[in-house]
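Chain residues, written in single-letter form:
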Amino acid sequence: MRLGRSFLKTVDEWRRKQKDLPSRAEAICRLVERGLANRPRARQLSKGAKRKAAKMAGREIDRLGDQTATREERARRKRQLIKGPREFRDIRNKNKS
């Protein structure tokens with residue numbers, strides 16, 4: 001992995017402040033672990049916000065949709081787009097648990 005000089009300089013400054021003076025590689029590992037431990041949790045949207053997002057997505061899909069398709073076909077395509085691919089739905093369902 002290639003890292004820029006300014007990044008390495010910042011890492012070196014941080015590691016020199018540590019009591020045990022870790023190697024550069026160890027310092028990077030520690031900083032990454034800290035970052036991962038402190039990452040923000042996914043924000044939960046209210047039902048109103050979800051409804052609003054679905055409505056906005058629906059309007060945009062209607063605007064961009066194939067106007068030559070039948071009304072039923074456009075509605076089916078719209079449901080599929082809003083519902084999303086199965087892989088994404090599975091991920092969303094796991095995150096709800």
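Everything numeric in this text was worked out from a predicted model, so none of it was measured. (Residues numbered from 1 in each chain as written. Predicted model: local features only at pLDDT ≥ 70, side-chain atom pairs only at ≥ 80, totals over all residues. Heavy atoms only, no water.)

**Q** For this particular structure, what's the right way to read the overall build of the protein chain?
**A** Scanning the protein chain for helices and strands turns up 5 helices and 0 strands. The N-to-C order of helical and strand elements in the protein chain reads α-α-α-α-α. Counting every position in the protein chain, which comprises 97 residues, the buried fraction comes to 13%. Excluding contacts between residues fewer than 6 apart, the proportion of contacts in the protein chain whose partners are at least 24 apart in sequence is 9%. Within the structure as shown, the protein chain displays about 9,200 Å² of accessible surface, and the carbon and sulfur contribution to it stands at 53%. (Helix = DSSP H or I, 4+ residues; strand = E, 2+ residues; numbered from the N terminus. Buried < 20%, exposed > 50% of the residue type's maximum accessible area, 1.4 Å probe, protein only. Contact = heavy atoms within 4.5 Å. Areas by Shrake-Rupley, 256 points an atom, 1.4 Å probe, with all protein chains shown as cover.)

**Q** What's the story with the packing of helix α1 (residues 5–16) against helix α2 (residues 24–37) in this structure? I'm lost.
**A** Any two packed helices are characterised by the angle at which their axes cross and by the distance between the axes. Contact pair α1 / α2: the axes reach a minimum separation of 10 Å and the direction vectors enclose 90 degrees. As far as their axial angle goes, α2 and α1 are roughly perpendicular. In this structure, α1 uses Phe7, Leu8, Val11, Asp12, Trp14 and Arg15 to contact α2, whose residues at the interface are Arg24, Ala27, Ile28, Arg30, Leu31 and Arg34. Along the lines of polarity and charge, the residues of the contact of α1 with α2 split into 7 nonpolar, no polar and 5 charged. (Axes fitted to C-alpha atoms, helices over the stretch in contact; angles between N-to-C directions. Parallel < 35°, antiparallel > 145°, perpendicular 65-115°, else oblique. Nonpolar A, V, L, I, M, F, W, Y, C, P; charged D, E, K, R; others polar.)

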